[in-house]
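# Structural description and commentary
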Number of protein chains: 2
Amino acid sequence: MEILNAAEILAALGHESRLAIFRLLVQAGPDGINASAIGEQLGIPNATLSFHLSHLSRVGLIKGERESRFIHYSAAYETMDELIAFLAHNCCQGKACLPKTSACDSVAKRRNKKTDPQE
Amino acid sequence: MEILNAAEILAALGHESRLAIFRLLVQAGPDGINASAIGEQLGIPNATLSFHLSHLSRVGLIKGERESRFIHYSAAYETMDELIAFLAHNCCQGKACLPKTSACDSVAKRRNKKTDPQE
DNA sequence: TCCATATTTCCATTTTTATCGAAATATGAA
DNA sequence: TTCATATTTCGATAAAAATGGAAATATGGA
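This section reports on the structure supplied with the text. (Residues numbered from 1 in each chain as written. Chains lettered and ligands numbered in written order. Predicted model: local features only at pLDDT ≥ 70, side-chain atom pairs only at ≥ 80, totals over all residues. Heavy atoms only, no water.)

Another point: the interface of chain B and chain A. Chain B puts 39 residues into the contact, and the matching count from chain A is 39 residues. Buried area between chain B and chain A, summed over both chains or domains, comes out near 3600 Å², and the portion from carbon and sulfur atoms is 68%. Here chain B is connected to chain A by 0 salt bridges. For the pair chain B and chain A, the number of links is 4 residue pairs in polar contact (both at pLDDT 80 or more). Mapped onto the side of chain B that touches chain A, the elements with two or more residues apiece are α1 (3–13), α2 (16–28) and α5 (77–88) of chain B. Broken down by element, the side of chain B that touches chain A gets its largest block of residues, 8 residues, from α5 of chain B. (Contact = heavy atoms within 4.5 Å. Buried area = accessible area lost by both parts, 1.4 Å probe. Salt bridge = Lys/Arg side-chain N within 4 Å of Asp/Glu carboxyl O. Polar contact = N/O pair within 3.5 Å; in protein donor to acceptor, adjacent residues only side chain to side chain. Helix = DSSP H or I, 4+ residues; strand = E, 2+ residues; numbered from the N terminus.)

Right under this line is the structure:
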């Protein structure tokens, strides 16, 4: 992941409605839910919802798949995973800076891996 | 962490210059570096840099501390940690959705903890 | 076909954010 | 004091993003 890409993804999440949509899908699981169900749960008008859904799709945070008249949206977990890895990349010089998640991919840790996804 | 707060933090990171600043500080370690050094490394004019630094400070992603004529900025690791925990909260219904970081704080995992930081 | 529903696109408007020169402020050194 | 450097604030402008009604499109059922 490159910095411009990461910034776009973060900007997409940096809006209350889109973040709420994304979390709803993260918690809904791989099957996802359809657009109108999202709109009802969050109280967002059609046009606005569609705008946010396409924004989230464009940056790769969610995926939409049509099933008859509905479009089921689901979270793209791998994008979130890459984003978190990007944020934690080379962080804190080996100290335990992220105790809640253990997400820190320190130089010391990465030394034992075969491939480095970012260099 | 609440959703409005998380969205503000994500929006702050969702700008190429601010993300570059934040990563520079994440990798610089706890001592941090001063504003002019950031400006030189990233090629950002004074006024613009100051705007972004205060934005990052306001949402709690970085901290500035004056040392004589310089202000040393450093990353607030705990805010990043909380943000990542927020994103991964209740994700994916127990499946291994975040293999790169293992950051997923699933219901199954949390069942073994005493306190839940978000509920 | 005709209708109902799901979703998107169009469009005009409003709101928010970013940019950066110039001036102001802060600190310490000579 | 006077000067040099570090950083912020001011202010005007430009650029980008968000909003949502109305119309258009897509799909399947009657």
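Our focus in this paragraph is the protein's contact with DNA strand C. Taken together, 21 residues are adjacent to DNA strand C, and Ser36 and Tyr73 of chain A together with Arg18, His52 and Arg69 of chain B come closest. Near the protein, within 4 Å, the atoms of DNA strand C are sugar or phosphate in 67% of cases. Separating a phosphate oxygen of DNA strand C from a backbone N or O atom of Ile71 of chain A is a distance of 2.9 Å. At 2.5 Å, a side-chain N or O of Tyr73 of chain A approaches a phosphate oxygen of DNA strand C. (Near = heavy atom within 4 Å.)

Take the pairing of strand β3 (residues 70–75) of chain A next. Two faces belong to every sheet, and in a regular strand the side chains alternate between them. Residues and elements named next belong to chain A. Bridging between strand β1 (residues 33–34) and β3 involves 2 bridges; their strand directions are antiparallel. Paired with Ile33 across the strands is Tyr73, a residue of β3. By the bridge criterion, 6 bridges tie strand β2 (residues 62–67) to β3 in an arrangement that is antiparallel. Bridged to Gly64 within β3 is Tyr73. (Pairing = 2+ DSSP bridges.)

This brings us to the packing of α2 of chain B against helix α3 (residues 35–42) of chain B. Residues and elements named next belong to chain B. At their nearest, the axes of α2 and α3 sit 11 Å apart, and the two run at 120° to each other. The pairing of α2 with α3 is recorded here as oblique in orientation. Judged by the twist between their axes, the crossing of α2 over α3 is right-handed. Side by side, α2 and α3 meet where Ser17, Ala20, Ile21, Leu24 and Leu25 of the first sit next to Ile38, Gln41 and Leu42 of the second. Among the residues making up the contact of α2 with α3, the classes are represented as 6 nonpolar, 2 polar and no charged. (Axes fitted to C-alpha atoms, helices over the stretch in contact; angles between N-to-C directions. Parallel < 35°, antiparallel > 145°, perpendicular 65-115°, else oblique. Left-handed = near helix turned anticlockwise from the far one by under 90°. Nonpolar A, V, L, I, M, F, W, Y, C, P; charged D, E, K, R; others polar.)

With 69 residues, the main nonpolar core has Ile38 and Leu61 of chain A together with Leu61 of chain B as its most contacted residues. Per-domain counts for this core show at least three residues from each of domain 1 (3–78) and domain 2 (89–119) of chain A. Not counting chain neighbours up to four residues away, the residues in contact with Leu61 of chain A comprise Ile9, Ala12, Leu13, Phe22, Leu56, Ser74, Ala75, Ala76 and Thr79 of chain A. (Core = buried A, V, L, I, M, F, W, Y, C linked by side-chain atoms within 4.5 Å. Buried < 20%, exposed > 50% of the residue type's maximum accessible area, 1.4 Å probe, protein only. Domains from an automatic or database assignment.)

This part covers the protein's contact with DNA strand D. By nearness alone, 21 residues border DNA strand D, and Arg18, His52 and Arg69 of chain A together with Ser36 and Tyr73 of chain B come closest of all. Counting only the atoms of DNA strand D that lie within 4 Å of the protein, the sugar and phosphate share comes to 68%. Contact distances for DNA strand D include 3.3 Å between a sugar or linking oxygen and a backbone N or O atom of Arg69 of chain B. Within the backbone of Ile71 of chain B, a nitrogen or oxygen atom sits 3.0 Å from a phosphate oxygen of DNA strand D. With 5 residues, helix α4 (residues 46–58) of chain A is the largest single contributor of residues to the surface near DNA strand D. Partitioned by chemical class, the residues of the surface near DNA strand D number 8 nonpolar, 9 polar and 4 charged.

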